[in-house]
Amino acid sequence: MENRFVYADNAATTRLLPAVLEAMTPYLTEEYGNPSSLYGFGQTARQAVDDARSTVAECLRCRPEEVFFTSGGSEADNWALKMAAEAAARKGKKHLISTAFEHHAVLHTLEHLKKQGFEVTLLPVYENGIVRPEDVKAALRPDTALVSVMLANNEIGTVQPVAEIGALCREAGVLLHTDAVQAVGHIPVDFAGMNADLLSLSAHKFHGPKGVGALLVRRGVRLANLIDGGAQENGRRAGTENTAGIVGLAAALRLACGSLEENGKRTAALRDRLSRGLLSSVERCRLNGDPVRRLPGNVNISFEGIEGESLLLMLDFRGICASSGSACTSGSLDPSHVLLSIGLPHAVAHGSLRLTLSEETDEDDIEYMLREIPPVVRRLREMSPLWEQILRDGLPQD
Ligand SMILES: *Cc1c(COP(=O)(O)O)cnc(C)c1O
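Before going into details, it helps to say that this report is about the structure given with it. (Residues numbered from 1 in each chain as written. Predicted model: local features only at pLDDT ≥ 70, side-chain atom pairs only at ≥ 80, totals over all residues. Heavy atoms only, no water.)

## Quick word on the overall build of the protein
Worth spelling out the cut-off: Counting from the N terminus, the helices are DSSP H or I runs at least four residues long and the strands are E runs at least two residues long. The reference for a compact globule is 2.2 Å times residues^0.38; the radius of gyration itself is calculated from the C-alpha atoms. For every residue, the accessible area obtained with a 1.4 Å probe (protein chains only) is divided by the maximum for its type, and the residue is called buried under 20%, exposed over 50%, and partly exposed between those limits. Contacts are assigned to residue pairs that have any heavy atoms within 4.5 Å of one another. A 1.4 Å probe and the Shrake-Rupley method give the accessible areas. Residues count as covered only by the protein chains that appear here.
Across its full length, the protein holds 13 helices and 13 strands. Relative to a compact globule of 398 residues, whose C-alpha radius of gyration would be 21 Å, the protein shows 22 Å and is just as compact. With the C-alpha coordinates of the protein rotated into their principal frame, the extents come out at 70 × 50 × 35 Å. Out of the 398 residues in the protein, the part that is buried amounts to 57%. Contacts in the protein between residues far apart in sequence, at least 24 positions, make up 71% of those at least 6 positions apart. For the protein, the computed accessible surface area is about 17,100 Å², with 52% contributed by carbon and sulfur atoms.

Dropping the structure here:
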């Protein structure tokens, strides 16, 4: 097998599909009319935004008027948490519940709310990376304003029992937000059936364009405006619509939802082949997160005795794009909060590799990764004093 380019970082972002670009192109070129204008020329754009809203509603089982387009997942998460908290504070409710391994768009927003006087309970996710509904139930208090639990984790891919948690929240009269950014377009998402009040999604995680997402807001939930100005998004998020982006989001979602089951099965088979292959050819490594209740495209493996960053650089040299378990983007060398939340020792978390597949990954990509990754791990271990120490004394304790 020749050297190839293998993109295995689909949890970070995905390739825009040509069919999606084609759907968007008219709105970046001839159809530049403002959707809010009164003349006929703007009406094509108006219709496209309306149709996109209906498509989202159809694919995710909600009503069109429950869909609010945003600039992406981070904005949707910020909006949901800040506005729900603000509304609850007016009723004297100042307690928020979430989990230890949420995306930073949620965790950092919670940090912000703490400074505003909110109390935050972060639930554990255990070794398998799954929240327990009974923990949510035990944490609910009369002053709880909101529960926020992600539908699927972005690092280890575990899928959370959000419908069960939603039933508990509904019974207690507490709002439930779910960050479904990793789930939408990859596993079935049923907003109505999930008992969720707020749901975040982002187009670039399912082969749509970057910079566009949505917040679903259940009818009857009062949410303060995010951006004041015009009447767009029912007056709640002003600003001339990103027509092309919105059309692209809907086109990508329609494609993803049309072949969800078939794609999911195929990708999960590739995922399992990749993780089994790595686990059987490299000693002292482990799969992170529940092996079954996980996204079809997520493989997350820790190799003892190596640094994830060095592994990434050597894989990059071999044409493989992947991601590690350290928050190197923030300039710190701390291992990711997600890997620590499932109880990995620091030394193990540091040697983690996330490979995320998509519908576009094929068998040759898997074979290539299975051929290239194990020798790289061995070479790094030969150079690693930590590996020598592990062989001699076992794993260092935190
Ligand atoms: C990518 C991601 C986000 C952020 O979405 P953007 O559209 O990039 O802002 C939020 N939550 C999760 C779980 C994600 O994976």
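## A short note on the site of the ligand
Convention followed: By convention in these notes, a residue is near a molecule or strand provided one of its non-hydrogen atoms lies within 4 Å of it. Identification of polar contacts relies on pairs of N or O atoms within 3.5 Å, with a donor-acceptor requirement for protein atoms, meaning one able to donate a hydrogen and the other able to accept it, and with residues adjacent in sequence counted only if both atoms are side-chain atoms. In this count, Pro and Cys sit with the nonpolar residues alongside Ala, Val, Leu, Ile, Met, Phe, Trp and Tyr, while Asp, Glu, Lys and Arg are called charged and the others, Gly among them, polar.
Taken together, 13 residues form the shell around the ligand, and within it Ser74, Asp179, Gln182, Ser202 and Lys205 come nearest. At 2.7 Å, a side-chain N or O of serine 74 approaches an oxygen atom of the ligand. Residue aspartate 179 places a side-chain N or O atom 2.7 Å away from a nitrogen atom belonging to the ligand. For the ligand, whose unbound accessible area comes to 380 Å², protein coverage reaches 87%. No other element matches the three residues that helix 3 (residues 73–89) contributes to the shell around the ligand. Looking at the shell around the ligand residue by residue, the classes come out as two nonpolar, eight polar and three charged.

## Observations concerning the side chain of threonine 13
Here threonine 13 lies in the loop between strand 1 (6–7) and helix 1 (18–28). Look at threonine 13 and you get buried, because its relative accessible area is 17%. Discounting residues that sit within four places of it in the chain, threonine 13 has contacts with Tyr7, His204 and Lys210.

## Let's talk about the nonpolar core
Our working definition: We call a set of buried Ala, Val, Leu, Ile, Met, Phe, Trp, Tyr and Cys residues a nonpolar core when their side-chain atoms join them within 4.5 Å.
If you look at the biggest cluster of nonpolar residues, it comprises 64 residues, and the most contacted ones within it are Leu60, Val147, Val184, Leu199, Leu201 and Leu216. If one sorts the elements of this core by residue count, helix 7 (residues 243–258) sits on top with eight residues. Setting aside chain neighbours within four positions, we find valine 147 in contact with Ile97, Val136, Leu140, Ile165, Cys169, Val174, Leu175, Leu176 and His177. Membership of the second largest hydrophobic core comes to 28 residues, among which are Leu270, Leu278, Ile301 and Ile366.

## A closer look at the pairing of strand 8 (residues 213–217)
Going by this rule: One bridge is not enough; two strands pair if DSSP finds at least two bridges between them.
Most of strand 8 sits out of view: five of its five residues are buried. Note: strand 2 (residues 67–70) against strand 8, four bridges, orientation antiparallel. Note on strand 8: the bridge partner recorded for phenylalanine 68 is leucine 215. Pairing between strand 7 (residues 198–202) and strand 8: five bridges, direction antiparallel. Bridging from a neighbouring strand, serine 202 pairs with glycine 213 of strand 8.

## Focus: helix 4 (residues 104–115)
Rules: Take the residue count of a helix, subtract one, and multiply by 1.5 Å to get its expected span.
Between its terminal C-alpha atoms helix 4 stretches 16 Å, which fits the 16 Å expected from 12 residues at 1.5 Å a residue. For helix 4, the complete set of buried residues consists of Ala105, Val106, Leu107, Thr109, Leu110 and Leu113. If you follow the buried residues of helix 4, they end up packed against helix 3, strand 3 (95–99), strand 4 (119–123), strand 5 (144–148), strand 6 (175–179) and helix 10 (337–341). At the C-terminal side of helix 4, glycine 117 shows a positive phi close to 100 degrees.

Limitation: the analysis is restricted to geometry and does not speak to function.
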